[in-house]
Amino acid sequence: MSNQQPGPHRAQVPGPRPMYTPPQIRAVGAAYRRWALLFVWLAVIIAVLMVAAFVMSLVLLAEADANPAKGAHGYGAIFLWFGIAAVTPVLLAVAVPGVFMTRRVRQQRRAGITPPAPLPWTQ
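None of the values given here were measured: they were computed from a predicted structure. All chains use their own residue numbering, which begins from 1 and follows the written sequence. Confidence filtering applies because this is a predicted model: local features only for residues at pLDDT of at least 70, side-chain atom pairs given and counted only at 80 or more, and all residues used for totals across whole chains, interfaces and linings. By convention in this description, side-chain values take in all heavy atoms of the structure and omit both hydrogens and water.

Chemist: Explain the overall build of the chain here, please?
Modeler: Secondary structure assignment for the chain yields two helices and zero strands. With a 1.4 Å probe rolled over the protein chains alone, any residue whose accessible area is under 20% of its type maximum counts as buried; one over 50% counts as exposed, and the rest are partly exposed. A total of 123 residues make up the chain; the buried ones form 17% of that total. Taking the intrachain contacts of the chain between residues at least 6 apart in sequence as the baseline, contacts between residues at least 24 apart amount to 68%. A run of DSSP states H or I qualifies as a helix once it reaches four residues; a run of E qualifies as a strand once it reaches two. Both are numbered from the N-terminal end. The contact rule is simple, with two residues in contact once any of their heavy atoms fall within 4.5 Å.

Chemist: How should I be thinking about helix 1 (residues 30-66) in this particular structure?
Modeler: Side chains of residues three or four places apart in an α-helix project in the same direction, reflecting 3.6 residues per turn. Helix length check: helix 1 (37 residues) gives 54 Å between terminal C-alpha atoms against 54 Å at 1.5 Å per residue, within 8%. When we look at burial in helix 1, the residues that qualify are R33, A36, A43, I46, M50, A53, S57, L60 and A64. A helix is expected to reach a length of 1.5 Å times the quantity of its residues less one.

Chemist: Quick question: what am I supposed to make of a nonpolar patch on the surface here?
Modeler: Residues forming no salt bridge and having over 30% relative accessible area are the ones grouped into patches, like charges within 9 Å of each other and nonpolar side chains (Val, Leu, Ile, Met, Phe, Trp, Tyr) within 5 Å. Only the protein chains shown count as covering a residue, and every accessible area follows the Shrake-Rupley method with a 1.4 Å probe. Any carboxyl oxygen of Asp or Glu within 4 Å of a side-chain nitrogen of Lys or Arg constitutes a salt bridge here. On the surface, a nonpolar cluster with roughly 1100 Å² of combined accessible area is contributed by V51, F54, V55, M56, L58, V59, L61, Y75, I78, W81 and F82. Per-element accounting of the nonpolar patch gives the leading share, seven residues, to helix 1. The residue M56 is located in helix 1 in this model.

Chemist: I tried to follow the packing of helix 1 against helix 2 (residues 72-111) on my own but got confused; where do I start?
Modeler: Two quantities define a packed helix pair, namely the angle between the helix axes and the distance between the axes. Every axis corresponds to a line fitted to the C-alpha atoms, with the helix fit spanning only the stretch in contact, and the corresponding angles, defined between N-to-C directions, vary from 0 to 180 degrees. Following both chains from N to C, one finds helix 1 and helix 2 inclined at 155°, their axes separated by 7 Å at the closest point. With respect to their mutual orientation, helix 1 and helix 2 come out roughly antiparallel. Our pair here, helix 1 against helix 2, has a crossing hand that is left-handed. Charged means Asp, Glu, Lys or Arg here, nonpolar means Ala, Val, Leu, Ile, Met, Phe, Trp, Tyr, Cys or Pro, and polar covers whatever is left, Gly included. Residues belonging to the contact of helix 1 with helix 2 are distributed by class as follows: 29 nonpolar, seven polar and four charged. With respect to orientation, any angle under 35 degrees is reported as roughly parallel, any angle over 145 as roughly antiparallel, any angle of 65 to 115 as roughly perpendicular, and every other angle as oblique. Here is the rule for handedness: rotate from the far helix to the near one, and if that takes an anticlockwise turn smaller than a right angle the crossing is left-handed, while a clockwise turn gives right-handed.

Right, here's the structure in full:
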């Protein structure tokens, strides 16, 4: 057997107890800022297209109601409503991460962790 004594247990080590410290916040990079901006703009574009589709569906319904010969326009409006319903999850899937990423970039910019992003046309 060895003559060495086993090391002390944690309870036997003198000194202050280790405390939990939250992880350090890493600065976001330029690629993260670009993705945040891309997600937000994609959400805006999708939302504008959804509003345009809704307005177009109302126009198609008004035409179908005004003229019996254009009754098929009502089916076009229903098709647009299905399109709006199908694109809504995509809008949420793009907008939610974009909002959270943009919020994180702004918080770090206010705290002085991340420098302001250069303008796209100056790169």
